[in-house]
Amino acid sequence: QVQLVESGGGLVQPGGSLRLSCAASGSIFSIYAMAWYRQAPGKQRELVASITGGGSTGAADSVKGRFTISRDNAKNTVYLQMNSLKPEDTAVYYCNVATMTGSRINDYWGQGTQVTVSS
């Protein structure tokens, strides 16, 4: 069992910054990947950024140059640094961790944290 607890969301003005955190605990054996998703009202959930177990990162075109995903292995925590925020970034952000046990890959989700960008 793996539990994910998210924090760091809130209300910020356009151009501002926020850092989201996702702390993992439980039976963590091998992490396949970690990622941040977001879902705006009335829209589909979309992948924002990801980082593999080997440290390779990727990000959606809409956030490249503004968002950075990183991790702290000692704290079992993944972060999303969000700079130059825009109103269209407003969404509920979800942390996802995929673990590998043998040949099985299991997904775990955080509870979600609201990010609102508004003047």
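The rules behind these values
- In this numbering scheme, every chain counts its residues from 1 along its sequence in written order.
- Since the coordinates come from a predicted model, pLDDT governs what is reported: local features require at least 70, and pairs of side-chain atoms require 80 or more to be given and counted, while whole-chain, interface and lining totals use all residues.
- Excluding hydrogens and water, the side-chain values take into account all heavy atoms of the structure.
- Runs of H or I in DSSP of at least four residues are treated as helices and runs of E of at least two as strands, each being numbered from the N terminus.
- Between the two quantities, the radius of gyration covers C-alpha atoms and the globule rule is 2.2 Å times the number of residues to the power 0.38.
- A 1.4 Å probe rolled over the protein chains alone gives each residue an accessible area, and that area as a share of the maximum for its type sets the label: buried under 20%, exposed over 50%, partly exposed in between.
- The criterion used for residue contact is that any of the two residues' heavy atoms lie within 4.5 Å.
- Residue-level accessible areas treat just the shown protein chains as cover; the underlying method is Shrake-Rupley with a 1.4 Å probe.
- Strand pairing requires that DSSP identify at least two bridges connecting the strands.
- A fitted line through C-alpha atoms serves as each axis, taken over the contacting stretch for helices, and the angle formed by two N-to-C directions is quoted from 0 to 180°.
- When two rings of Phe, Tyr or Trp (its six-membered ring) have centres within 6.5 Å they constitute a pair, described as stacked for plane angles under 30 degrees, edge-to-face for angles over 60, and tilted for the intermediate range.
- Note on criteria: charge over ring means Lys NZ or Arg CZ within 6 Å of the ring centre, with the direction from the centre no more than 35 degrees off the ring normal.
- Throughout, a disulfide means two cysteine sulfur atoms within 2.5 Å of one another.
- Salt bridges are defined as contacts in which a side-chain nitrogen from Lys or Arg sits within 4 Å of a carboxyl oxygen from Asp or Glu.

Caption draft 1: The arrangement of the overall build of the protein in detail. Helix and strand counts for the protein come out as zero helices and 11 strands. Overall, the protein shows an N-to-C arrangement of helices and strands of β-β-β-β-β-β-β-β-β-β-β. In summary, the protein has a C-alpha radius of gyration of 14 Å against a globular reference of 14 Å for 119 residues, a match within 12%. Its C-alpha atoms put the protein at 50 × 25 × 25 Å along the principal axes. Residues classed as buried in the protein amount to 38% of the 119 residues present. The contacts in the protein between residues at least 6 apart in sequence include a share of 53% that link residues at least 24 apart. Accessible surface computed for the protein: about 6500 Å², of which carbon and sulfur atoms make up 46%.

Caption draft 2: Molecular detail of the sheet that holds strand β1 (residues 2-7). Pairing is antiparallel in the open sheet, where four strands are placed in the order β1-β3-β8-β7. Of all strands in the sheet, those with a lone pairing partner are β1 and β7 (67-72), marking the two edges. Recorded for the sheet is a direction-independent mean angle of 15 degrees between the axes of neighbouring strands. Where β7 meets strand β8 (residues 77-82), six bridges bridge the pair, whose relative direction is antiparallel. Residue pairing in the sheet places Ile69 in a bridge with Leu80 of β8.

Caption draft 3: Representation of the packing of aromatic side chains in the model. The final tally for this structure, using the stated rule, is one aromatic pair. We note Arg45 situated over the ring of Tyr94; from NZ or CZ to the ring centre the distance is 4.0 Å. Residue placement shows Arg45 over the ring face of Trp109; its charged tip is 4.8 Å from the ring centre.

Caption draft 4: View of the state of the cysteines. For the coordinates displayed, the defined rule picks out one disulfide. Disulfide pairing places Cys22 opposite Cys95 at an S-S distance of 2.2 Å. The chirality of the disulfide connecting Cys22 with Cys95 is left-handed, given an S-S dihedral of about -85 degrees. With Cys22 in strand β3 (residues 18-26) and Cys95 in strand β9 (residues 91-101), this pair connects stretches of sequence that are 73 residues apart.

Caption draft 5: Expanded view of the pattern of salt bridges. Inspection of every chain in the model, using the stated rule, returns four salt bridges. The shortest N-O distance in the salt bridge between Asp89 and Arg38 comes to 3.0 Å. Taken together, the positions of Asp89 in the loop between β8 and β9 and Arg38 in strand β4 (residues 31-39) put the pair 51 residues apart, joining distant regions of the chain. Here Asp89 matches Arg38 in class, with each residue buried. Among the ionic contacts, a cluster of salt bridges with common partners joins Arg38, Glu46, Arg66 and Asp89.

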